[in-house]
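Architecture and fold: a report
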Amino acid sequence: MIFEKRPQSRSISVSVSARGVVKVTLPNYVSYLEAQQFLRTVENKIMATKREMAAKYPAAMLPTKAQLQVLSKKAHEILPARTKALYELLTGKVVVRNKLGIIIKDPFRYNRVAIKDNKTNWGSCSTIRNLNLNMHLVELPVDLMDFVIVHELCHLVYSNHGARFHALVNAATDGREKELSARLQKVKLI
């Protein structure tokens, strides 16, 4: 069990990883004794969640620390270079206009690429134009890996999932957005 104090936390939260590790996050003003007392009240729920996770993610499926290190190295070699190549491709291929019809200069510009071992998403982008990519992308077929990167680059233009965003992704993927999205949804993240 891991305990972590966070000043921004407003309440005690408990999470269970795929490996069954229980993490307890608590505000600075809550003592560890209070946190342990709280855990006794939710012990049955934690055990049920651990059983669910064990059934959903058998230990044989989970990568070892060494395998994750190899995967991370591979992702750091591939993903930044692939992102740059797709940025250059989109910049030359797709014209983006603002609401007044004026061409937006360098709409897919990003600051940096961070590679992470995300459990809940393939990628994200920040308001300061940083891209966060899941290292497990390199395990996907190339067209799905590229789709996720293109999806995140398009979020630099439209931060939501509105109609204009989907039209842009569709144009950037040569009309394959729905097909690629449907295939990606069938891939399970660990």
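Just so you know, these numbers come straight off a predicted model, no measurement behind them.

A few words now on the confidence of the model for the protein. Averaged over all residues, the pLDDT of the protein is 91; the fraction at 70 or higher stands at 97%. When pLDDT is averaged over each element of the protein, helix 4 (residues 142–155) comes out on top at 97 and helix 2 (residues 43–56) at the bottom at 86.

Reported here for the second largest pocket is a volume of approximately 260 Å³. Along its surface, the second largest pocket is lined by Trp122, Phe147, Val148, His151, Glu152, His155, His161, His166, Glu177, Ser181, Leu184 and Gln185. Looking at the lining of the second largest pocket, the elements that each hand over two or more residues are helix 4 and helix 6 (177–185). When grouped by side-chain class, the residues that make up the lining of the second largest pocket number 4 nonpolar, 6 polar and 2 charged.

What follows deals with the environment of Leu156. Within the element layout of this structure, Leu156 appears in the loop between helix 4 and helix 5 (163–172). For Leu156, a relative accessible area of 10% gives the class buried. It is 7.6 Å that separates the C-alpha atoms of Leu156 and Arg109, two residues lying 47 residues apart in sequence. In contact with Leu156, not counting residues within four places along its chain, are Pro107, Phe108, Arg109, Tyr110, Cys125, Arg129 and Leu131.

The strand order across the open sheet built from 3 strands is 1-3-2, with neighbouring strands paired in mixed fashion. Lying at the two open borders of the sheet, with one neighbouring strand each, are strand 1 (2–5) and strand 2 (13–16). Taken over all neighbouring pairs, the strand axes of this sheet differ in orientation by 20 degrees on average, direction set aside. Strand direction decides the pairing type here: strand 1 and strand 3 (residues 22–26), joined by 4 bridges, are parallel. Residue Phe3 lies in a different strand from strand 3, and its bridge partner there is Val24. With respect to the sheet, helix 1 (residues 32–41) is in contact with strand 1, strand 2 and strand 3, its orientation differing from that of strand 1 by roughly 130 degrees. The strands touched by helix 2 are strand 2 and strand 3; relative to strand 2, the strand with the most contacts, the crossing angle is about 25 degrees.

Definitions and cut-offs
- Counting from 1, residues in each chain are numbered in the order their sequence is written.
- In keeping with the model being predicted, local features are shown solely for residues with a pLDDT of at least 70 and side-chain atom pairs are shown and tallied solely at 80 or more, while totals for entire chains, interfaces and linings include all residues.
- Just so you know, side-chain values use all the structure's heavy atoms and leave hydrogens and water out.
- Here pLDDT means the predictor's own confidence in every residue, given as a number from 0 to 100.
- Runs of E in the DSSP output that reach at least two residues are strands. Runs of H or I that reach at least four are helices, and both are numbered from the N terminus.
- With a 1 Å grid spanning the protein atoms alone, the term cavity applies to any set of points in which a 1.4 Å probe fits but cannot get out, the term pocket to an open set with protein on both sides within 12 Å along at least five of seven lines, and the term lining residue to any residue with an atom within 4 Å of a point.
- Grid points are joined across faces, edges and corners, and a volume is the space filled by probe spheres set on the points.
- Note on residue categories: nonpolar means Ala, Val, Leu, Ile, Met, Phe, Trp, Tyr, Cys or Pro, charged means Asp, Glu, Lys or Arg, and polar means any other residue, Gly included.
- Exposure is judged per residue with a 1.4 Å probe applied to protein chains only, and the accessible area is read against the type maximum: over 50% gives exposed, under 20% gives buried, and values in between give partly exposed.
- Pairs of residues are marked as contacts when any of their non-hydrogen atoms sit within 4.5 Å.
- Strands qualify as paired when DSSP identifies two bridges or more between them.
- Each axis is a line fitted through C-alpha atoms, taken for helices only over the stretch in contact, and angles between the N-to-C directions span 0 to 180 degrees.

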